[in-house]
Amino acid sequence: MSRRKHNPSLIYLLLDAPWQASVVTGVVVYAALKWLLPSISAGNIFLGPLSLALSEMAVWFAGAFFLIGFLVFIKTTAKREKRARPIEPVVGAPIQDGLGRVEPAERGSQPVEAEPAAFVDRPAVWSLALIRALEWKRFEDVCQQFYEKKGIRSETTPLGPDGGIDIRLFQDESGRPTSIVQCKAWGERLVGVKPVRELLGVMTHEKIGKAFFMTSGGYTEEAKAVAQANRITLIDGAMLLMMIERLPEGEGQDLLAFATAGDYATPTCPSCGIKMRAVQGKGGRPDFWGCHHYPRCRQVLGMRRSVEAAASGMAR
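The structure contained in this document is the topic of the report that follows. Please read all numbers here as calculations on a predicted model, not as lab measurements.

1. Concerning the packing of helix α2 (residues 19-40) against helix α3 (residues 47-56)
Between α2 and α3, whose axes approach to 8 Å, the crossing angle comes to 165°. Classified by the angle between their axes, α2 and α3 sit roughly antiparallel to one another. α2 and α3 meet at a crossing whose hand is left-handed. The segment α2 lies against α3, with Leu 33, Lys 34, Leu 37 and Pro 38 engaging Ser 51, Leu 54 and Ser 55. Looking at the contact of α2 with α3 residue by residue, the class counts come to four nonpolar, two polar and one charged.

Here is the structure:
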(Lines give C-alpha, C1' and ligand atoms only; values in the text may rest on other atoms or scores of the structure.)
Protein backbone atom coordinates (compact mmCIF):
# COMPACT_ATOMS: atom_id res chain seq x y z
CA MET A 1 0.00 0.00 0.00
CA SER A 2 1.40 3.40 -0.92
CA ARG A 3 1.99 5.77 1.96
CA ARG A 4 0.27 9.16 1.83
CA LYS A 5 2.76 12.01 1.75
CA HIS A 6 2.77 13.92 5.01
CA ASN A 7 2.40 17.70 4.77
CA PRO A 8 4.06 19.33 7.76
CA SER A 9 2.12 21.97 9.65
CA LEU A 10 3.14 25.62 9.83
CA ILE A 11 4.54 25.14 13.33
CA TYR A 12 6.86 22.33 12.22
CA LEU A 13 8.00 24.42 9.26
CA LEU A 14 8.80 27.34 11.53
CA LEU A 15 10.70 25.10 13.96
CA ASP A 16 12.99 24.09 11.10
CA ALA A 17 13.31 27.63 9.72
CA PRO A 18 15.49 30.48 11.04
CA TRP A 19 14.07 32.19 14.12
CA GLN A 20 13.48 35.40 12.15
CA ALA A 21 10.76 33.60 10.14
CA SER A 22 8.67 33.09 13.28
CA VAL A 23 9.07 36.73 14.29
CA VAL A 24 7.98 37.97 10.87
CA THR A 25 5.00 35.57 10.91
CA GLY A 26 3.99 36.87 14.33
CA VAL A 27 4.09 40.48 13.13
CA VAL A 28 2.01 39.63 10.03
CA VAL A 29 -0.57 37.70 12.09
CA TYR A 30 -0.89 40.57 14.58
CA ALA A 31 -1.37 43.17 11.84
CA ALA A 32 -3.88 40.98 10.01
CA LEU A 33 -6.02 40.26 13.07
CA LYS A 34 -5.73 43.69 14.67
CA TRP A 35 -6.31 45.96 11.67
CA LEU A 36 -6.74 44.21 8.33
CA LEU A 37 -9.55 41.75 9.19
CA PRO A 38 -11.70 44.32 11.10
CA SER A 39 -11.40 46.78 8.22
CA ILE A 40 -12.62 44.36 5.55
CA SER A 41 -15.37 42.85 7.70
CA ALA A 42 -16.76 46.13 8.98
CA GLY A 43 -20.54 46.23 8.58
CA ASN A 44 -20.85 42.48 8.01
CA ILE A 45 -23.30 41.07 10.54
CA PHE A 46 -21.59 37.68 10.55
CA LEU A 47 -17.87 38.48 10.21
CA GLY A 48 -17.95 41.72 12.19
CA PRO A 49 -18.34 40.17 15.68
CA LEU A 50 -15.86 37.37 14.79
CA SER A 51 -13.22 39.79 13.55
CA LEU A 52 -13.70 41.92 16.67
CA ALA A 53 -13.10 38.87 18.88
CA LEU A 54 -10.02 37.88 16.90
CA SER A 55 -8.73 41.45 17.10
CA GLU A 56 -8.84 41.25 20.90
CA MET A 57 -6.85 37.99 20.75
CA ALA A 58 -4.28 39.21 18.17
CA VAL A 59 -1.57 39.71 20.77
CA TRP A 60 -1.92 36.09 21.93
CA PHE A 61 -1.67 34.64 18.44
CA ALA A 62 1.36 36.81 17.67
CA GLY A 63 2.92 35.93 21.02
CA ALA A 64 2.72 32.23 20.16
CA PHE A 65 4.80 32.80 17.03
CA PHE A 66 7.25 34.98 18.97
CA LEU A 67 7.65 32.13 21.46
CA ILE A 68 8.44 29.72 18.62
CA GLY A 69 11.04 32.16 17.34
CA PHE A 70 12.61 32.39 20.78
CA LEU A 71 12.80 28.59 21.08
CA VAL A 72 14.40 28.32 17.63
CA PHE A 73 16.92 31.01 18.59
CA ILE A 74 17.88 29.10 21.75
CA LYS A 75 18.27 25.85 19.78
CA THR A 76 20.41 27.54 17.11
CA THR A 77 22.67 29.15 19.71
CA ALA A 78 23.15 25.83 21.52
CA LYS A 79 24.16 24.10 18.26
CA ARG A 80 26.63 26.88 17.43
CA GLU A 81 28.28 26.63 20.85
CA LYS A 82 28.51 22.86 20.51
CA ARG A 83 30.29 23.17 17.14
CA ALA A 84 32.73 25.67 18.64
CA ARG A 85 33.54 23.51 21.65
CA PRO A 86 37.32 22.99 21.94
CA ILE A 87 38.71 19.49 21.38
CA GLU A 88 41.37 18.25 23.77
CA PRO A 89 44.58 16.98 22.16
CA VAL A 90 44.92 13.21 21.79
CA VAL A 91 47.19 11.81 24.50
CA GLY A 92 50.66 11.30 23.11
CA ALA A 93 49.84 13.05 19.83
CA PRO A 94 51.70 16.35 19.71
CA ILE A 95 49.95 19.21 17.97
CA GLN A 96 51.96 21.62 15.87
CA ASP A 97 50.97 25.15 15.15
CA GLY A 98 49.38 27.31 12.47
CA LEU A 99 50.00 30.25 10.24
CA GLY A 100 49.86 33.97 10.71
CA ARG A 101 50.61 36.85 13.06
CA VAL A 102 48.51 39.93 13.53
CA GLU A 103 48.86 42.54 16.27
CA PRO A 104 52.15 43.29 18.04
CA ALA A 105 52.65 41.72 21.43
CA GLU A 106 55.86 41.13 23.27
CA ARG A 107 57.41 37.75 22.62
CA GLY A 108 59.69 36.13 25.13
CA SER A 109 59.22 34.42 28.45
CA GLN A 110 55.54 33.79 29.07
CA PRO A 111 54.01 32.25 32.21
CA VAL A 112 54.09 28.48 31.80
CA GLU A 113 50.61 26.97 31.80
CA ALA A 114 49.58 24.08 34.02
CA GLU A 115 50.84 20.69 32.88
CA PRO A 116 48.27 19.20 30.48
CA ALA A 117 47.51 15.52 30.72
CA ALA A 118 48.56 14.96 27.11
CA PHE A 119 52.17 15.84 27.93
CA VAL A 120 52.79 14.07 31.23
CA ASP A 121 55.48 11.85 29.69
CA ARG A 122 58.11 14.37 28.63
CA PRO A 123 60.81 13.48 26.08
CA ALA A 124 64.03 12.59 27.93
CA VAL A 125 66.29 13.34 24.96
CA TRP A 126 66.33 15.58 21.94
CA SER A 127 65.03 14.11 18.70
CA LEU A 128 63.99 15.28 15.25
CA ALA A 129 60.39 14.32 16.07
CA LEU A 130 60.45 16.64 19.08
CA ILE A 131 61.82 19.54 17.03
CA ARG A 132 59.04 19.04 14.50
CA ALA A 133 56.41 18.86 17.25
CA LEU A 134 57.25 22.31 18.66
CA GLU A 135 54.66 24.97 17.92
CA TRP A 136 55.86 28.02 16.02
CA LYS A 137 56.47 30.30 19.00
CA ARG A 138 58.25 27.66 21.07
CA PHE A 139 60.39 26.75 18.05
CA GLU A 140 61.50 30.37 17.68
CA ASP A 141 62.23 30.69 21.40
CA VAL A 142 64.27 27.47 21.35
CA CYS A 143 66.34 28.81 18.46
CA GLN A 144 66.92 32.07 20.32
CA GLN A 145 67.90 30.24 23.51
CA PHE A 146 70.33 28.08 21.52
CA TYR A 147 72.24 31.17 20.41
CA GLU A 148 72.28 32.45 23.98
CA LYS A 149 73.85 29.19 25.13
CA LYS A 150 76.46 29.58 22.40
CA GLY A 151 77.39 32.91 23.95
CA ILE A 152 75.76 35.05 21.25
CA ARG A 153 73.51 37.85 22.45
CA SER A 154 70.17 37.56 20.72
CA GLU A 155 66.63 38.83 20.93
CA THR A 156 63.33 37.79 19.38
CA THR A 157 61.04 40.25 17.66
CA PRO A 158 57.56 41.04 19.03
CA LEU A 159 54.54 39.04 17.94
CA GLY A 160 52.74 40.50 14.99
CA PRO A 161 54.20 41.50 11.62
CA ASP A 162 57.94 40.97 12.04
CA GLY A 163 59.19 42.26 8.72
CA GLY A 164 60.74 38.87 7.98
CA ILE A 165 62.91 38.81 11.10
CA ASP A 166 62.33 36.46 14.02
CA ILE A 167 65.67 36.77 15.84
CA ARG A 168 68.43 39.39 15.79
CA LEU A 169 71.99 38.38 16.66
CA PHE A 170 74.54 40.77 18.15
CA GLN A 171 78.14 39.63 17.86
CA ASP A 172 80.02 42.89 18.44
CA GLU A 173 79.77 45.97 20.64
CA SER A 174 78.19 48.26 18.05
CA GLY A 175 74.68 47.70 19.39
CA ARG A 176 73.46 46.91 15.87
CA PRO A 177 72.47 43.38 14.82
CA THR A 178 75.22 41.62 12.91
CA SER A 179 72.89 38.99 11.42
CA ILE A 180 69.22 38.06 11.37
CA VAL A 181 67.34 34.79 11.69
CA GLN A 182 64.09 33.62 10.12
CA CYS A 183 62.37 30.57 11.66
CA LYS A 184 59.78 28.24 10.14
CA ALA A 185 58.29 25.47 12.28
CA TRP A 186 56.81 23.60 9.32
CA GLY A 187 57.04 20.02 10.52
CA GLU A 188 58.49 17.92 7.70
CA ARG A 189 57.65 20.39 4.94
CA LEU A 190 60.31 21.78 2.64
CA VAL A 191 60.93 25.52 2.57
CA GLY A 192 60.84 26.74 -1.02
CA VAL A 193 62.76 29.50 -2.70
CA LYS A 194 60.18 32.25 -2.03
CA PRO A 195 60.77 32.57 1.76
CA VAL A 196 64.54 32.54 1.15
CA ARG A 197 64.26 35.34 -1.40
CA GLU A 198 62.08 37.29 1.02
CA LEU A 199 64.80 36.95 3.67
CA LEU A 200 67.33 38.21 1.12
CA GLY A 201 65.12 41.26 0.58
CA VAL A 202 65.05 41.90 4.33
CA MET A 203 68.86 41.66 4.44
CA THR A 204 69.11 44.29 1.70
CA HIS A 205 66.60 46.57 3.43
CA GLU A 206 68.26 46.23 6.83
CA LYS A 207 71.77 46.47 5.29
CA ILE A 208 72.83 43.24 6.99
CA GLY A 209 75.25 41.00 5.13
CA LYS A 210 74.52 37.66 6.81
CA ALA A 211 71.41 35.70 7.74
CA PHE A 212 70.30 32.31 9.02
CA PHE A 213 67.19 30.41 8.03
CA MET A 214 66.10 27.76 10.54
CA THR A 215 63.33 25.22 9.94
CA SER A 216 62.14 21.96 11.42
CA GLY A 217 61.85 20.44 7.94
CA GLY A 218 64.15 20.89 4.95
CA TYR A 219 64.77 23.02 1.83
CA THR A 220 64.25 22.65 -1.88
CA GLU A 221 67.28 22.62 -4.19
CA GLU A 222 66.31 26.01 -5.61
CA ALA A 223 66.17 27.48 -2.11
CA LYS A 224 69.62 26.07 -1.36
CA ALA A 225 71.06 27.63 -4.51
CA VAL A 226 69.73 31.12 -3.70
CA ALA A 227 70.94 30.87 -0.10
CA GLN A 228 74.44 29.73 -1.07
CA ALA A 229 74.86 32.69 -3.42
CA ASN A 230 73.74 35.29 -0.85
CA ARG A 231 75.40 34.44 2.49
CA ILE A 232 72.28 32.82 3.93
CA THR A 233 72.99 29.79 6.08
CA LEU A 234 70.24 27.19 5.88
CA ILE A 235 69.68 25.09 9.01
CA ASP A 236 67.21 22.25 8.63
CA GLY A 237 65.70 20.10 11.37
CA ALA A 238 68.42 17.44 11.26
CA MET A 239 71.20 20.05 11.40
CA LEU A 240 69.53 21.87 14.29
CA LEU A 241 69.31 18.58 16.18
CA MET A 242 73.02 17.98 15.60
CA MET A 243 73.88 21.51 16.79
CA ILE A 244 71.83 21.06 19.96
CA GLU A 245 73.38 17.66 20.66
CA ARG A 246 76.83 19.26 20.49
CA LEU A 247 76.00 21.59 23.39
CA PRO A 248 77.52 20.66 26.76
CA GLU A 249 75.30 18.04 28.37
CA GLY A 250 73.94 20.31 31.09
CA GLU A 251 73.07 23.09 28.66
CA GLY A 252 71.44 20.63 26.28
CA GLN A 253 69.25 19.33 29.10
CA ASP A 254 68.39 22.89 30.17
CA LEU A 255 67.32 23.68 26.62
CA LEU A 256 65.27 20.47 26.52
CA ALA A 257 63.48 21.44 29.75
CA PHE A 258 62.80 24.89 28.30
CA ALA A 259 61.49 23.43 25.03
CA THR A 260 59.09 20.98 26.68
CA ALA A 261 57.83 23.13 29.55
CA GLY A 262 54.05 23.39 29.72
CA ASP A 263 52.13 22.76 26.51
CA TYR A 264 54.86 22.97 23.89
CA ALA A 265 52.80 21.77 20.91
CA THR A 266 49.47 23.62 20.92
CA PRO A 267 49.86 26.81 18.86
CA THR A 268 50.04 30.24 20.45
CA CYS A 269 47.56 32.88 19.33
CA PRO A 270 49.56 35.26 17.11
CA SER A 271 47.46 38.16 18.37
CA CYS A 272 46.96 37.52 22.10
CA GLY A 273 50.01 35.36 22.92
CA ILE A 274 47.94 32.65 24.67
CA LYS A 275 47.41 29.01 23.75
CA MET A 276 44.70 28.43 21.18
CA ARG A 277 41.94 25.83 21.09
CA ALA A 278 40.97 23.28 18.45
CA VAL A 279 37.51 24.15 17.14
CA GLN A 280 35.25 21.28 16.13
CA GLY A 281 33.85 21.30 12.62
CA LYS A 282 30.59 19.88 11.31
CA GLY A 283 32.12 16.44 10.84
CA GLY A 284 32.99 16.14 14.52
CA ARG A 285 36.74 16.57 13.89
CA PRO A 286 38.92 19.56 14.79
CA ASP A 287 38.61 22.02 11.92
CA PHE A 288 40.85 24.97 12.81
CA TRP A 289 42.60 26.71 15.67
CA GLY A 290 40.73 29.56 17.32
CA CYS A 291 41.52 32.01 20.10
CA HIS A 292 40.00 31.55 23.57
CA HIS A 293 39.17 35.26 23.52
CA TYR A 294 36.70 34.89 20.65
CA PRO A 295 34.77 37.00 19.66
CA ARG A 296 37.04 39.76 21.00
CA CYS A 297 39.91 38.10 19.15
CA ARG A 298 38.98 36.48 15.85
CA GLN A 299 42.44 35.10 15.08
CA VAL A 300 42.32 31.62 13.52
CA LEU A 301 45.08 29.33 12.30
CA GLY A 302 44.86 26.63 9.67
CA MET A 303 45.01 22.99 10.71
CA ARG A 304 46.35 19.95 8.94
CA ARG A 305 45.64 16.28 9.67
CA SER A 306 48.09 13.57 10.58
CA VAL A 307 47.57 9.82 10.68
CA GLU A 308 48.13 9.40 14.40
CA ALA A 309 46.94 12.70 15.80
CA ALA A 310 43.50 14.21 16.02
CA ALA A 311 44.89 17.42 14.61
CA SER A 312 48.09 19.18 13.86
CA GLY A 313 48.43 22.78 12.79
CA MET A 314 50.33 24.19 9.88
CA ALA A 315 53.31 26.11 11.20
CA ARG A 316 53.67 29.73 10.39
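2. Describing α2
The terminal C-alpha atoms of α2, which comprises 22 residues, lie 31 Å apart, in line with the 32 Å expected from a rise of 1.5 Å per residue. Bending of α2 peaks at approximately 40° at the position of Ala 32. Along α2, the residues classified as buried are Ser 22, Thr 25, Gly 26 and Leu 33.

3. Quick notes on the side chain of Ser 154
By the element assignment, Ser 154 lies in strand β2 (residues 153-156). In terms of polar contacts, Ser 154 uses its side chain to reach the side chain of Gln 144, at 3.2 Å. Look past the residues within four positions of Ser 154 in its chain and what remains in contact with it is Gln 144, Tyr 147, Glu 148, Ile 167, Arg 168, Leu 169 and Phe 170.

4. Some remarks on the packing of aromatic side chains
Under the defined criterion, the tally for this structure stands at three aromatic pairs. Ring geometry for Tyr 147 against Phe 212: centres 6.1 Å apart, planes inclined by 55°, an arrangement best described as tilted. One end of the pair, Tyr 147, is in helix α6 (residues 136-149); the other, Phe 212, is in strand β6 (residues 211-215), and 65 residues separate them in sequence. Looking at Tyr 147, the relative accessible area reads 4%, which means it is buried. Over the face of the ring belonging to Phe 170 we find Arg 153, whose NZ or CZ atom lies 4.1 Å from the ring centre.

5. What to know about the pattern of salt bridges
Taken as a whole and judged by the stated rule, the model has five salt bridges. In this structure, Glu 222 engages Arg 197 in a salt bridge whose closest nitrogen and oxygen atoms are separated by 3.6 Å. Linking Glu 222 in helix α8 (residues 221-228) with Arg 197 in helix α7 (residues 193-206), this pair joins segments that are 25 residues apart in sequence. One salt bridge in this structure joins Glu 221 and Lys 224, with 3.5 Å as the shortest N-O distance. Taken together, the positions of Glu 221 and Lys 224, both in helix α8 and three residues apart, correspond to about one turn of that helix. Given the relative accessible area of 59%, Glu 221 is considered exposed.

6. Structural notes on a nonpolar patch on the surface
A grouping of Trp 19, Leu 67, Phe 70, Leu 71, Phe 73 and Ile 74 is seen on the molecular surface, where their side chains present a nonpolar patch of about 570 Å² in accessible area. For the nonpolar patch, the element with the most residues is helix α4 (residues 58-83), which contributes five residues. Within the secondary structure layout, Phe 73 lies in helix α4. Given a relative accessible area of 37%, Phe 73 falls into the partly exposed group.

7. Regarding the pairing of β6
Successive side chains on a regular strand alternate, one facing one side of the sheet and the next facing the other. For β6, a buried count of five out of five residues is recorded, marking the element as mostly surrounded by other parts of the structure. Burial of the side chains of β6 extends over both faces: Ala 211, Phe 213 and Thr 215 are buried on one face and Phe 212 and Met 214 on the other. Here five bridges tie strand β4 (residues 179-184) to β6, and the two strands are oriented parallel to one another. Pairing of Cys 183 across the sheet is with Met 214, part of β6. Looking at chain direction, β6 and strand β8 (residues 232-235) are connected through four bridges and run parallel. Its bridge partner lying in β8, Met 214 is registered against Ile 235.

8. Considerations on the pairing of β4
Where burial is concerned, most of β4 is hidden: six out of the six residues are buried. Neither face of β4 is open: one carries Ser 179, Val 181 and Cys 183, the other Ile 180, Gln 182 and Lys 184, and all of them are buried. As paired strands, strand β3 (residues 167-170) and β4 are joined by three bridges and run antiparallel to one another. Each residue of the ladder has a partner; that of Leu 169, found in β4, is Ser 179.

9. Quick look at the sheet that holds β3
Strand order in the open sheet made by the five strands is β2-β3-β4-β6-β8, with mixed pairing throughout. In the strand order of this sheet, the two ends are held by β2 and β8, each with one partner. If you compare each strand with its neighbour and ignore which way they point, the axes differ by 20° on average.

10. Some remarks on the packing of α6 against helix α10 (residues 249-259)
Relative to each other, α6 and α10 sit at 160°, their axes nearing to 10 Å. Here α10 runs roughly antiparallel to α6, going by the angle between their axes. For the pair α6 and α10, the crossing hand works out as right-handed. Judged by residue contacts, Arg 138, Asp 141, Val 142, Gln 145, Phe 146 and Lys 149 of α6 engage Glu 251, Asp 254, Leu 255, Phe 258 and Ala 259 from α10.

Procedures and definitions
Residues numbered from 1 in each chain as written. Predicted model: local features only at pLDDT ≥ 70, side-chain atom pairs only at ≥ 80, totals over all residues. Heavy atoms only, no water. Axes fitted to C-alpha atoms, helices over the stretch in contact; angles between N-to-C directions. Helix = DSSP H or I, 4+ residues; strand = E, 2+ residues; numbered from the N terminus. Parallel < 35°, antiparallel > 145°, perpendicular 65-115°, else oblique. Left-handed = near helix turned anticlockwise from the far one by under 90°. Contact = heavy atoms within 4.5 Å. Nonpolar A, V, L, I, M, F, W, Y, C, P; charged D, E, K, R; others polar. Expected span 1.5 Å × (residues − 1). Bend = angle between axes of the 7 residues up to and from the residue. Buried < 20%, exposed > 50% of the residue type's maximum accessible area, 1.4 Å probe, protein only. Polar contact = N/O pair within 3.5 Å; in protein donor to acceptor, adjacent residues only side chain to side chain. Phe/Tyr/Trp six-rings, centres within 6.5 Å; stacked < 30°, edge-to-face > 60°. Lys NZ or Arg CZ within 6 Å of the ring centre and 35° of its normal. Salt bridge = Lys/Arg side-chain N within 4 Å of Asp/Glu carboxyl O. Patch = residues over 30% accessible without salt bridge, like charges linked within 9 Å, V, L, I, M, F, W, Y side chains within 5 Å. Areas by Shrake-Rupley, 256 points an atom, 1.4 Å probe, with all protein chains shown as cover. Pairing = 2+ DSSP bridges.

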